[in-house]
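What follows is the residue order along each chain.
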Amino acid sequence: MIYLAGNAAMNQKKVALPAVLSHLKFKSTPSYMSKESTLKEEALHYHAKGRPGKIEVIPTKETANQRDLSLAYSPGVAAPCLAIAENPEDVYKYTAKGNLVAVISNGTAVLGLGDIGPAAGKPVMEGKGLLFKIYADIDCFDLELDTKDVDEFVRTVKILEPTFGGVNLEDISAPECFEIEERLKKELNIPVMHDDQHGTAIISAAALLNALEIVGKDIAHAKIVINGAGASAISCTRLYCALGAQKPNVFMFDSKGLIHPLRTNLDGKKSEFVNDSLPVDTSLADALVGADVFVGLSKGNILDQDMVRSMAPNCIVFAMANPDPEIGYEEATAARPDIIMATGRSDFPNQVNNVLGFPFIFRGALDVRSTAINEEMKLAAVRALADLAKKPVPDLVNLAYNNANLVYGRDYIIPKPVDPRLLTTVAPAVARAAMESGVAQHPISDWAAYELQLSKRLGVDNTLTRVIQTKAKQKPKRVVFSDAENVAVLKAVQVVLEEKIAQPVLLGNIERVRTLMHENSISLHGVLIIDPKIPITPEETERVEQYANILYEKRQRKGIIYREARQIIKHRNYFGAMMVETGEADAMISGLSRNYPDTIRPALRVIGAEPGFKKVSAMYILMSRFGPLFLADTSVNLDPTAEEVVEIAELTARQVEKFNIKPRIAMLTYSNFGSVADGAAAIKMRTATAILKEKHPNWVVDGEMQAHLAFNMDLLRQNYPFSSLVDGPANTLIFPNLSSANIAYNLVRAVAGIEIIGPIVTGLKKPVHVLQMGASVREIVDMVAIAVVDAQRT
């Protein structure tokens, strides 16, 4: 029996399977369960679950015993206190000040929510701190000040200066934000930046430089129309002028019209950009005639196609209002095929996103102990971003955008947020500018060492999760879920649907699934639900018979008779696997409510192993702070032979390469390079290593070795300098048996709290992935993204 969830399900509309699958697409959420309400509930749960909020403080030193505590606090803490008292600069040596930024707001202009107050703005400030950490490894304290008085605000921040290495001002209304930033920059000896003003300015300026270069126009002669006159628009225009734009060529509009010297109602900094070369009553439409550039920092849908058509040839439009731009991307490009278009949205080319700037600007400023973030540093960030867009794009970034082969041009004028080079490009440029402009107190002398230090902060490959989900969204595939009678699965499917990661198909008892959806306020409108056990229409019965025939043909000489095939195919894991095999789904997710063999066995019988391989295996990805680690075999093969270990390593290496990461393989056991001569596991891994080296002489693979040796390069170089892993740690770990691999990843997951993805099945002809019992909603979503990316390649 086949139903469409939502209103169609309520009406019990029966639909033939092939027709539904061939036309499956995302549909609007029903009125009784709006997308906004489900997003609200999901966001509230996200912020409330476990430890409330999004950030915590974690010790960076040992605290295991009384000796450690006596060093951390009394009496040992007196020594660094006295050292700092004698030499105040030692505060950077003995405390976290040098890597600590304050995110400070009074909640008067929070996102699109307006003046909601400091407490209500705190989730946003915590979120900003989270972005600082994940993009640039900068620690943050968020401070919400309950004052609208400029003097009180400035005084409060000023007396906090000894605590922080920098200050990020956030969500403060204009015109007060201008005075607050100007005064703090004068009165503090640490870097201060109001990101709402300067973040968009820096990113859009880099995009503007490249766009003008592509169309062959000089910024000094470009006619620029700015719609919006708030803090961000003022800062953008100032920066464009610093790059060569001429004020007589700049026409700024606020909600009351053109910023003109005859106007008597100009407040804040607007008078800085008065322009009398057009009449005071000039409309935005009239000003756009012959304009080279439009920059929108206002509200959505204020431009139409005729206004865009009136602009100069090869016009540039930055429609940056969120969530709805001043004109839609498709609308603008349809009106002007020669346009270069940028928005604030990630689903179109050329996204102007502040996360391209602030983490890396503060990183560079902190690393030279800059006393300010000055114009020279902002311009250095602009040019670094502009130049980075012109360089060949790493495979990892192209992977995230559906192997788009991104190349500098009209649809790629600014780097992507997932580009791992941002940290090692923008931060050094900002640091250099600080040194050259005389505000750096701790100059960098070894730039190669500094860039290496930046690379190690986060691990250049640790963008993998974001890359996988971004790539999945480029071309969503049909994913069948065989465990739909599970709340975690249904919640994950809702996320998958809302984020457009995949096109879900659910298997389960329809009434049971609908009840769970209703009880848990889960909206899955437009999603197909199938109960393989209860075919009612002739079409449904025919589908079951067809699947049974295929299964019988595959297994008739392996002990299955036709009557059994008809019964077996009604089991959801067999039915789901058959949907993948016949092409009516692209991938399958199962396993949350069933053990691993019960899930993998149907896939092996229906889909089968890849040609050239006798085994399938499974790997987990551990998202360590130094980059992803790949562990195998974690779920399938109990005690493989040396030859089977070789096949497991080959399957795992191939999967790692699919993520555009070069495998560095360590063959693990309890012995180091023959230190245990006669142990069975040691001999097995030693033999497997020798076979791999012979079959794949260009691979980086070594063993047998103990696990810690794969990461301790000093120990490895000192004792085993011949190893092929001496120039860097392993990222792919192959275990001698299922027991050791399973214990390893479960122990790390439970004790260290490392994010994991898996198990990822390798060696099947088509994507089938099996969830671990107890997998969280997030882990399920990650696995769906992996399945979609795998399906995109088949």
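Every value quoted in this text rests on a predicted model; they were computed, and no experiment measured them.

Novice: If you had to explain the sheet that holds strand β7 (residues 250-254) to someone new, which residues and values would you point to?
Specialist: Backbone hydrogen bonds are what pair the strands of a sheet, in a parallel or an antiparallel way. Taken in spatial order, the six strands of this open sheet run β8-β7-β6-β9-β10-β11, and their pairing is mixed. Two strands close off the open sheet at either side, each with one partner strand: β8 (257-258) and β11 (340-343). Relative to β7, strand β6 (residues 224-227) is paired through four bridges, and the arrangement is parallel. Within β7, the residue paired with valine 225 across the bridge is phenylalanine 251. Each of β9 (293-296), β10 (316-319) and β11 touches helix α10 (residues 195-215); the most contacted strand, β10, lies at about 160° to it. Strands in contact with helix α11 (residues 231-242) are β6, β7 and β9; relative to β7, the strand with the most contacts, it is inclined by about 180°.

Novice: Could you give an account of the sheet that holds strand β3 (residues 139-144), with specific residues and numbers?
Specialist: Read across the sheet, four strands follow the order β3-β2-β4-β5 without closing on themselves; strand pairing throughout is parallel. Either end of the sheet is taken by a strand with one partner, and the two such strands are β3 and β5 (192-194). Put simply, the sheet's adjacent strands are angled 20° from each other on average, direction ignored. Here strand β2 (residues 100-105) pairs with strand β4 (residues 166-169) via four bridges, running parallel. Of the residues in β4, the one forming a bridge with valine 101 is glycine 166. With respect to the sheet, α10 is in contact with β4 and β5, its orientation differing from that of β5 by roughly 80°.

Novice: Account for the pairing of β3, naming residues and giving values.
Specialist: Sheet analysis places β2 next to β3, joined by six bridges and oriented parallel. Counted as the bridge partner of alanine 102 is phenylalanine 141 from β3. Regarding the hand of the β-α-β motif, the stretch spanning β2, helix α7 (residues 118-136) and β3 is right-handed.

Novice: Would you mind going over the packing of helix α15 (residues 358-367) against helix α18 (residues 421-436) in detail, with residue names and values included?
Specialist: As a packed pair, α15 and α18 sit with axes 7 Å apart at the nearest point and diverge in direction by 50°. Relative to α18, the element α15 lies oblique. For the element pair α15 and α18, the recorded crossing hand is right-handed. Taking contact as the criterion, the partners of Phe360, Ile361, Arg363, Gly364 and Ala365 in α15 are, on α18, Leu422, Leu423, Val426, Ala427, Val430 and Ala431.

Novice: So, the pattern of salt bridges: which residues are in play, and what are the values?
Specialist: Two side chains of opposite charge can pair, provided their charged atoms sit close to one another. As enumerated under the stated definition, the model contains 43 salt bridges in all. In this structure, lysine 133 engages aspartate 139 in a salt bridge whose closest nitrogen and oxygen atoms are separated by 2.8 Å. Residues lysine 695 and glutamate 650 are paired through a salt bridge, measuring 2.7 Å at the closest nitrogen-oxygen approach. You can see lysine 695 sitting in helix α28 (residues 680-695) and its partner glutamate 650 sitting in helix α27 (residues 642-658), a full 45 residues away along the chain. Residues joined in a network through salt bridges with shared partners are Asp151, Lys158, Glu179, Arg183 and Glu187.

Novice: Explain unusual backbone geometry to me, and be specific about the residues and the numbers.
Specialist: In this model, alanine 174 is joined to proline 175 through a cis peptide bond whose omega is 5°. Within the secondary structure, proline 175 is located in the loop between β4 and α9 (176-187). Here the amide bond leading from alanine 632 into aspartate 633 is cis, since omega sits at -10°, within 30 degrees of zero. Here aspartate 633 shows up in the loop between β17 (627-632) and α27.

Novice: Mind laying out the side chain of aspartate 68, listing which residues take part and the relevant values?
Specialist: Within the secondary structure, aspartate 68 is located in helix α4 (residues 66-72). Buried charge aspartate 68 goes without a salt bridge, the closest partner of opposite sign being arginine 67 at 6.8 Å. Among residues more than four places away in sequence, those in contact with aspartate 68 are Glu62 and Thr63.

Novice: Summarise the pairing of strand β13 (residues 502-507); cite the residues concerned and give the values.
Specialist: The buried fraction of β13 amounts to six of the six residues, a majority that puts the element mostly inside the structure. Burial of the side chains of β13 extends over both faces: Ala502, Pro504 and Leu506 are buried on one face and Gln503, Val505 and Leu507 on the other. Of the pairings in the sheet, the one linking strand β12 (residues 477-481) to β13 comprises five bridges and is parallel in character. Its bridge partner lying in β13, arginine 478 is registered against glutamine 503. Note on the crossover from β12 through helix α21 (residues 487-498) to β13: the handedness is right-handed. Sheet analysis places β13 next to strand β14 (residues 528-530), joined by three bridges and oriented parallel. Across the sheet, leucine 507 pairs through a bridge with isoleucine 530, a residue of β14. The parallel pair β13 and β14, bridged by helix α22 (residues 510-519), forms a crossover whose chirality is right-handed.

Calculation notes
- Residues numbered from 1 in each chain as written.
- Predicted model: local features only at pLDDT ≥ 70, side-chain atom pairs only at ≥ 80, totals over all residues.
- Heavy atoms only, no water.
- Pairing = 2+ DSSP bridges.
- Helix = DSSP H or I, 4+ residues; strand = E, 2+ residues; numbered from the N terminus.
- Contact = heavy atoms within 4.5 Å.
- Axes fitted to C-alpha atoms, helices over the stretch in contact; angles between N-to-C directions.
- Right-handed = clockwise from strand over helix to strand, strands pointing away.
- Parallel < 35°, antiparallel > 145°, perpendicular 65-115°, else oblique.
- Left-handed = near helix turned anticlockwise from the far one by under 90°.
- Salt bridge = Lys/Arg side-chain N within 4 Å of Asp/Glu carboxyl O.
- Buried < 20%, exposed > 50% of the residue type's maximum accessible area, 1.4 Å probe, protein only.
- Lys, Arg positive; Asp, Glu negative; His and termini not counted.

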